[in-house]
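# Examination of the molecular architecture
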Amino acid sequence: MQRRHVDKDYVERCLDGHPDDFRYLVRRYQAVLLGYLAGRLGSRDMAEEAAQESLVRAYVGLRKLRKTDSFFAWLMGIAGRVVKEMQRSRRSDVPLTETLSETAAVPEPGCDVGLEQAVAALPPPYRCVILLRYYGGCSCGEIAGQLDVPLGTVTKQLSRAYAMLRESLKEKS
Amino acid sequence: MNCEQCRINFVGYIEGLLVEPGKGAIESHLATCPPCRAELQQISSLCDRLMAGREIAAQNDFEEAVMHRISHEDLRTRRDIKLWRIIMKKRITKFAAVAAITIAVLIGVNMLKGTPAWAIGQTVKALENIQTLVITGTDSWGSESIPFKFWLRFPEDKKDSLDLRFESEKQIIVVQGTKAWAYWTEENVVKVYDNVTTSNGMMRDIAFWYRITEHNPWITGKVLATLKLFTKDWQENYSKCEKTDRDCVFVTCSYKPLSSSFWFVCDLESKLVVEGKYWRNSDRQGPPVSHAVSFQYNEKIDDKVFDYKIPEGAKVINRKEQKEADTLFAHGERLFKEKETDQAINIFQEVYEKYPNLNVAESALMMIGICYERLGQYEKAIATYQKSVKEYEYLKGWTFSTYYYLGRSYVKNGQKDKAVNAFQNCLIIGESIGGDVDKFPLKDARQYIEKLKSHR
């Protein structure tokens, strides 16, 4: 339960006029966001841009967050909206996309595009546990505390997520 | 333990969550069941792959980049957050806030009795209903003050279209429905924007001109309305306007982060702007950058005003060509950012050779010089900058930056006297076109000159 309370503490510190404490939330969720967004957008550069935008929007809109202990779920919702906006603007900017299509098609070095896309395509509850476990570096116990669910639910969701990921990766290959 | 019971517990087993005797039972089953061993192996491989993905996800400067952006977000957000929290934390403060607002409204209503009520929102609303507008005034170009005239017409039947003409001795801009021209008189260059298509009620290709009208404080007033929310020194004085002999409100305000300040007058009956001044500093020092002296609303404008004929001998640049050049230049910038300096030089060279008549060619030459500087090839950098300022001397708005980089290369190459000359050229040209002396590159050029002179 400790992790969830820490999120809440930092959110409240920011709301009380200590903006620099937002840094701890950035540190905690940057990898989770980047992992998720790279899968959705298919580019690390765009993922980084989207992750920055999501965090800045989260900061600016922090006052609207009613349950301060639900920061992570709220942040992921913002990230989802940013992805949609970026995808829309990419579609409307045809000449630029055409020009860049050559470079965009080349996978970035060290990037497991297939896996990132498979993770991004998981249903939200399964995606959430995978992101927290692997990109957020949380243990199963910490995820249970974070999401306020029993430990058994987390292991079952992880188990199901692995099965779905394997299926999805098999289809792609 | 059977296979199903074993597999259900794989995650717990991998995560080290199982205790005896469950853990031992799984291990015993695995020892005798090759399919379950293979299944466990596959899940473990997937976990390793996920773990590897995690290691490459984090970026070194990501946190600082976010915090930097946050620090530049509007300070008001923080102030509001803090105030909101103080109010909402306790029930008593909530009641106090409600009471304070009620009293303030009551006092305000009473104070307004007998005084002319005006709010910037009313001006924005009034400006929404205009069909035509003609503004005359002066613009500052360095020490020069140049008269301009600006015509604007929103066709009644086409809400997503406009006709516009801006004319001064330096520049003529004409937007006629789906066509647009921008002509620079000294350079004798005209940019043509044609085949404009509409998309969702907004013309994409000439969105720039819409932005000009949208952001011109005197045309929509929206900039002023936004400013009212942020500025700390918004002041309204109500008195008779000498020019019109009507009741008016005189407003002054400034916005330090953008080094801008305004003075404008609105008629209290029509709510429309009747005069306005804009400074590129935050304390209305010196002559304004733009002074809109007279405003005529909803008067018929002759169609001929929005006609445009390309002058004979003018260099014509079309939008497609400009876009291609910009895209290629952006590709060069990306390579430069990714430290692919040699490749970046090739791309910038291509921009220069393919589009020598566009302003971006001058920027491309400047970037080639910067690339050579990065590679430590200062003589090549100097030669490139010199070529740039010689070939594009008429682009006064841009060459002062090139002079700065030229000076910097001279410094690195040990040619101090030539460096001082280059920095002085940067200052002279930059200041003559009204560049901000407290910002890059003018500020840096001045510092270099002081430093170089003190070492003599």
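One numbering rule holds for all chains: residues counted from 1, following each sequence as written. Here every chain gets a letter starting at A, and every ligand a number starting at 1, in the order they are written. Residues qualify for local features only when their pLDDT is at least 70, as the model is predicted, and side-chain atom pairs are given and counted only at 80 or more; totals for whole chains, interfaces and linings, by contrast, use all residues.

### Quick notes on the overall build of chain A
- From N to C terminus, chain A includes nine helices and zero strands.
- Going residue by residue from the N terminus, the α and β elements of chain A occur as α-α-α-α-α-α-α-α-α.
- Among the 173 residues that make up chain A, the fraction classed as buried is 41%.
- Remark: residues whose backbone-derived C-beta atoms lie within 7 Å of one another are considered to be in contact. Pairs at least 24 residues apart make up 67% of the contacts formed inside chain A by residues separated by at least 6 positions. In this text, helices come from DSSP runs of H or I with a minimum length of four residues, and strands from runs of E with a minimum of two, each type numbered from the N-terminal end. For every residue, the other C-beta atoms within 10 Å of its own C-beta are counted; 20 or more classify it as buried, 12 or fewer as exposed, and values in between as partly exposed. C-beta atoms are placed from the backbone.

### Things to note about the overall build of chain B
- Along the backbone of chain B there are 17 helices and 14 strands.
- A burial count over chain B gives 28% of its 456 residues as buried.
- Put simply, of all contacts in chain B between residues at least 6 apart along the chain, 47% involve residues at least 24 apart.

### A closer look at the packing of helix 2 (residues 22–41) of chain A against helix 6 (residues 113–120) of chain A
All names here are of chain A.
- Orientation is described by lines fitted to C-alpha atoms, with helices fitted over the stretch in contact, and by angles between N-to-C directions that extend from 0 to 180 degrees. Where helix 2 meets helix 6, the axes come as close as 7 Å, and the angle between the chain directions of the two elements is 100°. Between helix 2 and helix 6, the angle is such that the two are roughly perpendicular. Along its contact with helix 2, which presents Gly35, Tyr36, Ala38, Gly39 and Arg40, the element helix 6 presents Glu116, Gln117, Val119 and Ala120.
- In this count, Pro and Cys sit with the nonpolar residues alongside Ala, Val, Leu, Ile, Met, Phe, Trp and Tyr, while Asp, Glu, Lys and Arg are called charged and the others, Gly among them, polar. In terms of residue class, the contact of helix 2 with helix 6 is made up of four nonpolar, three polar and two charged. With respect to orientation, any angle under 35 degrees is reported as roughly parallel, any angle over 145 as roughly antiparallel, any angle of 65 to 115 as roughly perpendicular, and every other angle as oblique.

### What to know about the environment of Phe166 of chain B
Residues and elements named next belong to chain B.
- Residue placement: Phe166 occurs in strand 3 (residues 163–168).
- Here the alpha-carbon distance between Phe166 and Val134, two residues 32 residues apart in the chain, equals 9.8 Å.
- Leaving out residues up to four positions away in the same chain, Phe166 has contacts with Phe148, Phe150 and Ile173.

### A short note on helix 7 (residues 124–135) of chain A
Residues and elements named next belong to chain A.
- Counting buried positions along helix 7 yields nine of 12 residues, so the element is predominantly enclosed.
- Among the residues making up helix 7, those that are buried are Arg127, Cys128, Val129, Ile130, Leu131, Leu132, Arg133, Tyr134 and Tyr135.
- The first or second residue beyond helix 7 is Gly137, which carries a positive phi of 65°.

### A few points about the environment of Thr132 of chain B
All names here are of chain B.
- Within the secondary structure layout, Thr132 lies in strand 1 (residues 132–141).
- Each C-alpha atom of the pair Thr132 and Asn298 lies 4.5 Å from the other, and the pair is 166 residues apart in sequence.
- Residue contacts for Thr132: discarding those within four places in its chain leaves Leu152, Arg153, Asn298, Glu299 and Ile301.

### A few points about the pairing of strand 4 (residues 171–176) of chain B
Residues and elements named next belong to chain B.
- Note on pairing: two strands pair once DSSP finds at least 2 bridges between them. Note: strand 3 against strand 4, five bridges, orientation antiparallel. Its bridge partner being in strand 4, Leu164 is matched across the sheet by Val175.
- Here strand 3 folds back onto strand 4, and the loop between the two strands holds two residues.
- Two strands pair when backbone bridges link them, and strand 4 and strand 5 (residues 179–184) are joined in this way by six bridges, in the antiparallel orientation.

### Examining the confidence of the model for chain A
Residue and element names in this part refer to chain A.
- On average, residues of chain A score 76 in pLDDT, and 82% of them are at 70 or above.
- The element-level mean pLDDT for chain A is lowest in helix 5 (residues 94–104), coming to 32, with helix 9 (residues 151–172) highest at 87.
- Contacts for the low-pLDDT stretch residues 92–110, under 50 throughout, to residues beyond four places or in other chains number eight contacts. On a scale of 0 to 100, pLDDT captures the predictor's confidence in every residue.

### Topic: the packing of helix 12 (residues 341–354) of chain B against helix 13 (residues 359–374) of chain B
All names here are of chain B.
- Two elements in contact, helix 12 and helix 13, have axes whose closest approach is 8 Å; the angle formed by their N-to-C orientations is 155°. What the angle tells us is that helix 12 and helix 13 run roughly antiparallel. Relative to helix 13, helix 12 is oriented so that their crossing is left-handed. Mapping the contact onto sequence places Thr341, Ala344, Ile345, Phe348, Gln349, Val351 and Tyr352 in helix 12 and Val360, Ala361, Ala364, Leu365, Met367, Ile368, Cys371 and Arg374 in helix 13.
- Residue composition of the contact of helix 12 with helix 13, by class: 12 nonpolar, two polar and one charged. Crossing chirality is assigned from the near helix's rotation relative to the far helix, an anticlockwise turn below a right angle marking it left-handed and a clockwise turn marking it right-handed.

### Looking at the confidence of the model for chain B
- Considering every residue of chain B, the mean pLDDT works out to 78; 76% of them sit at 70 or more.
- Segment residues 78–84 of chain B is flagged for pLDDT under 50; beyond a separation of four residues in sequence, or across chains, it makes eight contacts in the model.

### Regarding unusual backbone geometry
All names here are of chain B.
- With phi around 60°, Asp245 is a residue other than glycine that occupies positive phi space.
- Locating Asp245 in the fold gives a position in the loop between strand 9 (235–240) and strand 10 (247–255).
- One non-glycine residue, Lys339, lies in positive phi territory at about 65°.
- Here Lys339 lies in the loop between helix 11 (319–337) and helix 12.

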